[in-house]
Amino acid sequence: MEDYNAELTQILVKINKKNFKDAYEDLKQLIEISPQNYIAFNLLAQIEIKNENLNNAIFFLEKGLAVQPNSVDLLFNKALVLKLNNQLEHAEIILKEILLIDKNIFQVYLNLASIQKKLNKLDDAIINYNLAIKINKNFFQAFFNLGNIYLFKKNLDLAIENYDFSLKLNPNHEKSIINLAQCYYYKKNFNKACELFDRVLNLNPNNSLAKYNKSLSNFKLKNFKEGWALYENRWNIEDSKFVPFKSLKAKYNKESVNKNLYIWPEQGLGDEIMFSSIFNEFKNSKNKVYASCDNRLLDIFKISFPHINFFSNDLSIDHDIFDHHISSGSLFKFYRNELGDFKNAPYLFPVINKNIEKKIIDINKNRKQVIGLSWKSNNQDYGHFRSVQLKNIFDKINFKDNTIINLQYGDVINEIKEIEEAYGYKILTLSDNFNNINDLSCIINLCDYVISIDNSTVHLSGALGKKTHLLLPFYSDWRWLENSKKTYWYNNVEVYQQTNKMSWIDVLEELNSNIK
């Protein structure tokens, strides 16, 4: 720590009493008298940080560093301000500068690792968390953060080890227990995961994240009734992707009669398609049923479910037209509580495009089959596990004499060009597969079969009743069964799941032998 003179000591008393206004004025006066007082600049910066005036904080820190360039306090505070301002690369550089001055500051390693994690420099972050732990073995948060990186990398044994250390230091840390449970979920020990979620709920019966995650383990165990009940807690998770519809009207109850219903959509195109399988439960409803959906699905849903009044979720609904409401996913707790309750027959109809039909017929005149391909997921959390390199597919699967059609959404022009040049195949792109789901449905309908990873395309293909080969990662989503070729969502989808978490080779070789 730096030595403070008498004036600074009095100012620190005011700061400790949260009398920031007077302390600020005193510091400004002190600098006028002693412009080389870098400690005063540091204190001014800290007050500005508390007031969320980050640019002013940087100004004072740089003033102080002009006087004392190697002040660890000034450099560290500047790095923290840059971190708050999301200038992560610059903050990382400054923290590394501090380590050239002093290699034994726990908080520097901790913040450096945190920044590197955000920059996706995970291996560097692991090194620095371990260096922080070497200095201070009693800070549970370091073990927890290290466990989080290993969990993201799916190095589950090391993740479990670090969560265990975290919990030895802080036995009731709910997030450590939840993430430890997630490790066992990915290890496919769903009963153990449920036990750990229950441990959280014994500590805090209102922990919605634990309840939600326990629901996913229950789905894997085919405990659908408990799963759907717990799944309702998704709406209560803080900072989550799940955003509930707000209305003063009552929630739907299956026993309600003589009431008009509004069904609002789930998050994501794939979920909207999958959960729309419930709509046929209302075929014989005597009351009006309204539903909103992604604008891209509007035409398909109107064709497939004529008994429902659809409108785009870009529009606001008039609350006077319905008596009660519910999300499409929440309806499943009333109608799908046993495996046998799932009606996995096709339920969507394509939007016909005569021009696309003619084009595919003309292209495929002298070929065997039309095969649709989708190989990427843009999911921020799991997309890298779900996606398959297009090159790996063409290395292992023989597409000779077949027509190959691109069903992949997003910008994949360069990937396709590389494959065409390397393998001599032509991969046809006939529509905007992200924005034009009508044409995509038409194309899928004209395929002999589809090969897709776990993304919205496989749900569309499955719902349309097209023969579909699903390439499923070792760490699969809650909606897919473990060690099963079948799925209860779609009777036309055959599952090919990784047995090795790092490789698609066996999966693709098995698929190739089955489609010859």
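Refer to the structure above for everything that follows.
Sequence order as written defines the numbering, with residues in each chain counted from 1. Per-residue local features are limited, in this predicted model, to residues with pLDDT of at least 70; the limit for side-chain atom pairs, both in listing and counting, is 80 or more; totals at the level of whole chains, interfaces and linings are taken over all residues. For the side-chain quantities, the full set of heavy atoms in the structure was used; hydrogens and water were omitted.

This part covers the nonpolar core. In this description, a nonpolar core means a group of buried Ala, Val, Leu, Ile, Met, Phe, Trp, Tyr and Cys residues linked to one another through side-chain atoms lying within 4.5 Å. To sort residues, take the accessible area from a 1.4 Å probe on protein chains only and compare it with the maximum for the residue type: under 20% means buried, over 50% means exposed, and anything in between is partly exposed. The biggest cluster of nonpolar side chains holds 148 residues, and the ones touching the most others in it are W228, L348, W478 and W489. Core analysis: the next-biggest nonpolar cluster, separate from the first, contains 25 residues, L471, W504, V507 and L508 among them.

Pairing between strands is defined by DSSP: at least two bridges between them are needed. Think of it this way: any DSSP run of H or I at least four residues long counts as a helix, any run of E at least two long counts as a strand, and we number them from the N terminus. An order of β1-β5-β2-β3-β4 is seen for the five strands of this open sheet, with the pairing classed as parallel. Where the open sheet ends on each side, the last strands, each with one partner, are β1 (250-251) and β4 (309-312).

For this document, the term salt bridge refers to a Lys or Arg side-chain nitrogen within 4 Å of an Asp or Glu carboxyl oxygen. Under the defined criterion, the tally for this structure stands at 28 salt bridges. Two residues, E357 and K354, come together in a salt bridge whose shortest N-O distance is 3.8 Å. You can see E357 and its partner K354 sitting in helix α18 (residues 354-363), three residues apart, about one turn around the helix. Overall, E357 belongs to the buried group, its relative accessible area being 19%. What makes K354 exposed here is its relative accessible area of 60%. One network of salt bridges, in which partners are shared, links D271, R386, D454, D477 and R479.

On to helix α6 (residues 88-101), then. What a helix should span is 1.5 Å times the count of its residues minus one. The end-to-end C-alpha separation of α6 is 20 Å, in line with the 20 Å expected for 14 residues at 1.5 Å each. When α6 is considered as a whole, its buried residues turn out to be L88, A91, E92, I94, L95, I98 and L99. Taken down its axis, α6 places every buried residue within 165° of arc, on the same side. It only takes one pair of heavy atoms within 4.5 Å for two residues to be counted as in contact. Here the buried face of α6 lies against α5 (72-84) and α7 (106-118). Directions pointing from the helix axis toward each C-beta atom define the arc.

This paragraph deals with the sheet that holds strand β7 (residues 403-406). Neighbouring strands of a sheet are bound in pairs by backbone hydrogen bonds; such pairs are parallel or else antiparallel. Pairing is parallel in the open sheet, where six strands are placed in the order β8-β7-β6-β9-β10-β11. Looking at the sheet topology across the chains shown, the edges are occupied by β8 (427-428) and β11 (493-497). Two strands pair when backbone bridges link them, and strand β6 (residues 370-374) and β7 are joined in this way by four bridges, in the parallel orientation. If you follow G372 over to β7, its bridge partner there is I405.

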